[in-house]
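Coordinates in review
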Protein chains: 2
Amino acid sequence: MIQYLIQEIKKKEAPIVVGLDPMLDYVPSFLLEESIKKYGETLEAAGDAIYQYNKGLIDAVADLVPAVKPQIAMYEQFGLPGLEAFQKTTKYAKEKGLVVIGDVKRGDIGSTSKAYANGHLGHVTIQNTVCRGFDEDFITVNPYLGIDGIQPFMDVCKEEKKGMFILVKTSNPSSGEFQDQLVDGKPLYELVGQHVAQWGEECMGESGYSYIGAVVGATYPKMGEVLRKIMPKTFILVPGYGAQGATAKDLKPYFNEDGLGAIVNSSRGIIAAYKKPEYREWGEEGYAEAARQATIVMKEDLLQNALSE
Amino acid sequence: MIQYLIQEIKKKEAPIVVGLDPMLDYVPSFLLEESIKKYGETLEAAGDAIYQYNKGLIDAVADLVPAVKPQIAMYEQFGLPGLEAFQKTTKYAKEKGLVVIGDVKRGDIGSTSKAYANGHLGHVTIQNTVCRGFDEDFITVNPYLGIDGIQPFMDVCKEEKKGMFILVKTSNPSSGEFQDQLVDGKPLYELVGQHVAQWGEECMGESGYSYIGAVVGATYPKMGEVLRKIMPKTFILVPGYGAQGATAKDLKPYFNEDGLGAIVNSSRGIIAAYKKPEYREWGEEGYAEAARQATIVMKEDLLQNALSE
């Protein structure tokens, strides 16, 4: 899958993943109202509205970007109907040729991590029948529990030819509270990065990149530069561009000299572009077209400011 | 909710939580076959069988223990039908007066943690209607992202009078890989423990215990002893007893002098007791009665070896 991701990044000249994080107030009101007409003021209505919204977004960006990243929390808050929307979104995006990165940040011990891995990347067997749960292509994973929590995900990734991104340095303001603590004179995130690089060695794609990737926030470019060197063959998923404050110039250190090695997420900046002054002309009805325009602008920004010599 | 948990622990003389972690091979085959007759070899059949299994377990232990802890990964592996079983199990257990600790180990940044908190402990509002997703009483939370990831859970706990247990030192063999790293001469788990104690001060129940608890594995009793002192008002959820190797004697340091302050989880040892030689007489059909007997034995073991002077 890392192979396909890289191929699509090259083909579309866009190391971009669109974050499908549908806060209910991003969903255009005409969509929510249609769903409420069908289902009343219920979780089912929220799930349906989110799925319709996502379909529009996916249709608008599928030829521009290689991947989408649904943030499962935004679906899980609506209970089962929300998670049904997550599953349908994943399926729809894959049908459109997009790589789906499930931003699930799961992580547990042994058999429990195995269960998460099965549910999100792999399969279960009910007597003689193989069944699949959410079936994303990649997921994000939390490393706090160490290798027993990671190994089951690695095993399933190998078996299913899928991949994952392990949290190394997250983009939020308080990420340093534990991640930056010095261990033998080096911050914890570097130690985690070293482990990710080492675990990744066992899981190399033909592309020269491992399918065990890392999450490193764009909001900490100096740390990104160090981590890029510690993890030269690791693909980095980079949140924090745009709404969280990082610019395309901040992204330079996350890429290798081959122009690869990173994929940059934008959520709000794309999916809620229609709310920004510069795209307001599209109106609510044109939310998908506004998202498309914002994606094109982001692509140009990265090509000029992050990927230029 | 911490108040109610403590009241029930006292009333039932059992600081025990039964882990509802239904691996499919724990489910008695007669239950799975019934479900397959109804739904075929599908995820629906797995979800249905798990729910029936859990109902039997809950009925068998509801008068003996204060709480159950469904591990969501074991449900999530079966996709939506699995999560439906999680939700129905939560509801059923609450109807029986049990406290439900959702072992979800979620953790993310700002608005995303808020979404998880809403989905598992709180509510969402669809136009004018308040809707609830999974609606557990407590959940477990991963601290790797720092306070921005924790605060939204704290806010929802305050508002809804619910609670959480933050991972401090997990019970698995590799938990030390990052958690034991020395930061200014002290292991990271101590630093996390200090933060948990401090965050907990803002969230005190009338009982003298905070509703911001901690997870500390029974497999590391010396660390448990230190953490007990660092977090005197923190309720500790203790996994690792029984199947993972810790004994009741190992649990002593997790309790305060008032005999409170900890709740010990047992999953496999109770819910799959019918597979152990000493309970085999009950047979598959008697799986719930075997679970009841195993719970009584555990209770005696704790009273004699963990809670005695």
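Since the model is a prediction, treat every value here as computed from it, not as a measurement. (Residues numbered from 1 in each chain as written. Chains lettered and ligands numbered in written order. Predicted model: local features only at pLDDT ≥ 70, side-chain atom pairs only at ≥ 80, totals over all residues. Heavy atoms only, no water.)

1. Observations concerning the sheet that holds strand 11 (residues 234–238) of chain B
Residue and element names in this part refer to chain B. The condition that has to hold: Should DSSP find at least two bridges between two strands, the strands are regarded as paired. By the criteria applied, helices consist of DSSP H or I runs no shorter than four residues and strands consist of E runs no shorter than two, each listed in order from the N terminus. To obtain each axis, a line is fitted to C-alpha atoms, and for helices this fit is confined to the stretch in contact; angles are then taken between N-to-C directions over 0 to 180 degrees. Should any heavy atoms of two residues lie within 4.5 Å, those residues are considered in contact.
Sheet architecture is closed into a barrel: eight strands sit in the order 1-2-3-6-7-10-11-12, paired in parallel fashion. Direction aside, neighbouring strands of the sheet carry axes that sit 30° apart on average. For strand 3 (residues 99–106) and strand 6 (residues 138–141), the ladder comprises three bridges, and the chain directions are parallel. Counterpart to Ile101 in the pairing with strand 6 is Phe138. With respect to the sheet, helix 10 (residues 221–230) is in contact with strand 7 (163–169), strand 10 (210–216) and strand 11, its orientation differing from that of strand 7 by roughly 130°.

2. Remarks on the nonpolar core
Heads up, the rule is: Among the buried residues, those of types Ala, Val, Leu, Ile, Met, Phe, Trp, Tyr and Cys that are joined through side-chain atoms within 4.5 Å form a nonpolar core. Buried, partly exposed and exposed residues are distinguished by accessible area as a fraction of the type maximum, computed with a 1.4 Å probe on protein chains only: under 20%, between the cut-offs, and over 50%, respectively.
Ranked by internal contacts, the top residues of the largest apolar core, which has 241 residues, are Met164 of chain A together with Met164 of chain B. Excluding its chain neighbours within four sequence positions, the residues that come into contact with Met164 of chain A are Phe138, Ile139, Val141, Ile150, Phe153, Met154, Cys157, Tyr211, Ile212 and Gly213 of chain A.

3. Considering a negative patch on the surface
The condition that has to hold: Patch members must show over 30% relative accessible area and no salt bridge, and they are joined within 9 Å when carrying like charges or within 5 Å when they are nonpolar side chains of Val, Leu, Ile, Met, Phe, Trp or Tyr. Shrake-Rupley sampling with a 1.4 Å probe provides the accessible areas, and residues are treated as covered by the protein chains on show and by no other component. Any Lys or Arg side-chain nitrogen found within 4 Å of a carboxyl oxygen on Asp or Glu counts as a salt bridge. When charges are counted, Lys and Arg contribute as positive and Asp and Glu as negative, whereas His and the chain ends are disregarded. Charge positions are represented by NZ for Lys, CZ for Arg, CG for Asp and CD for Glu.
Together, Glu33, Glu34, Glu284 and Glu285 of chain A give the surface a local cluster of negative charge. Note on placement: Glu284 of chain A falls in the loop between helix 12 (268–271) and helix 13 (287–305).

4. A few points about the interface of chain A and chain B
By a widespread convention, an interface's size corresponds to the accessible area lost as its parts come together. Cut-off, in case you're wondering: What gets called buried area is simply the loss in accessible area from a 1.4 Å probe that two parts show on being joined, summed for both. In protein, a polar contact requires one atom able to donate a hydrogen and another able to accept it; more generally it is a pair of N or O atoms within 3.5 Å, and residues adjacent in sequence count only if both atoms are side-chain atoms. Each residue is assigned to one class: nonpolar for Ala, Val, Leu, Ile, Met, Phe, Trp, Tyr, Cys and Pro, charged for Asp, Glu, Lys and Arg, and polar for all the others, Gly among them.
Opposite the 72 residues of chain A that make contact, chain B presents 72 residues. Both sides of the chain A and chain B interface together cover about 5900 Å² of buried area, and 63% of this is carbon and sulfur. Area buried by chain A at its contact with chain B is led by Glu41, Tyr144 and Phe178 of chain A, which between them contribute 16% of it. Of the charged contacts, one joins Asp108 of chain B and Lys105 of chain A as a salt bridge, the two residues approaching to 2.8 Å between their closest N and O atoms. Summed over the shared surface of chain A and chain B, the result is 33 residue pairs in polar contact (both at pLDDT 80 or more). With seven residues, the top contributor of residues to the side of chain A that touches chain B is helix 6 (residues 110–120) of chain A. Here the side of chain A that touches chain B is built from residues that sort into 33 nonpolar, 27 polar and twelve charged.

5. Section: helix 13 of chain A
The condition that has to hold: Helices are assigned an expected span. That span is 1.5 Å times one less than the residue count.
For helix 13 of chain A, built from 19 residues, the straight-helix expectation of 27 Å at 1.5 Å per residue is met to within 8% by its first-to-last C-alpha distance of 26 Å. Every buried residue of helix 13 of chain A is listed here: Tyr287, Ala288, Ala290, Ala291, Ala294, Thr295, Met298, Lys299 and Leu302 of chain A.

6. Focus on the relation of the copies chain A and chain B
The line we're drawing: For the least-squares superposition of copies, only C-alpha atoms count, and only for residues with pLDDT at least 70 in both.
Overlaying chain A on chain B yields an RMSD of 0.0 Å, the required transformation being a rotation through 180° with an accompanying axial translation of 0.0 Å. What the rotation and shift describe, once combined, is the action of a two-fold rotation axis. Residue Val183 of chain A, judged by its C-alpha, is the member of chain A lying nearest the rotation axis, at 2.7 Å. A share of 100% of the interface residues of chain A reappears at the interface of chain B, consistent with the copies meeting face to face through the same patch.

7. Some points on the sheet that holds strand 2 (residues 67–70) of chain A
In spatial order, the strands read 1-2-3-6-7-10-11-12 (chain A); together these eight strands close into a barrel with parallel pairing. When strand polarity is set aside, the average angle formed by the axes of neighbouring strands in this sheet is 30°.

8. What about the packing of helix 9 (residues 188–201) of chain A against helix 10 (residues 221–230) of chain A?
The geometry of a pair of packed helices is captured by two quantities: the angle between their axes and the separation between those axes. Residues and elements named next belong to chain A. Stated precisely, the cut-off is as follows: Working definition: roughly parallel below 35 degrees, roughly antiparallel above 145 degrees, roughly perpendicular at 65 to 115 degrees, and oblique for all remaining angles. Should the near helix be turned anticlockwise from the far one by less than a right angle, the crossing is left-handed, and should it be turned clockwise, the crossing is right-handed.
Put simply, helix 9 and helix 10 touch, their axes get as near as 9 Å, and they point 30° apart. Considering their axes alone, helix 9 and helix 10 lie roughly parallel with respect to each other. Between helix 9 and helix 10 lies a crossing of right-handed hand. Residue-level inspection shows Tyr189, Glu190, Gly193, Gln194 and Ala197 of helix 9 in contact with helix 10, the latter providing Met223, Val226, Leu227 and Ile230. Of the residues that constitute the contact of helix 9 with helix 10, the class distribution is six nonpolar, two polar and one charged.

9. Description of the side chain of Asn265 of chain B
Residue and element names in this part refer to chain B. Relative to the assigned elements, Asn265 resides in strand 12 (residues 262–266). On the accessibility criterion, Asn265 (6% relative accessible area) is buried. A polar atom in the side chain of Asn265 sits 3.0 Å from the side chain of Ser267. Each residue touching Asn265, except ones within four places of it in the same chain, is listed here: Val17, Val18, Gly19, Lys69, Val238, Pro239, Tyr241 and Met298.

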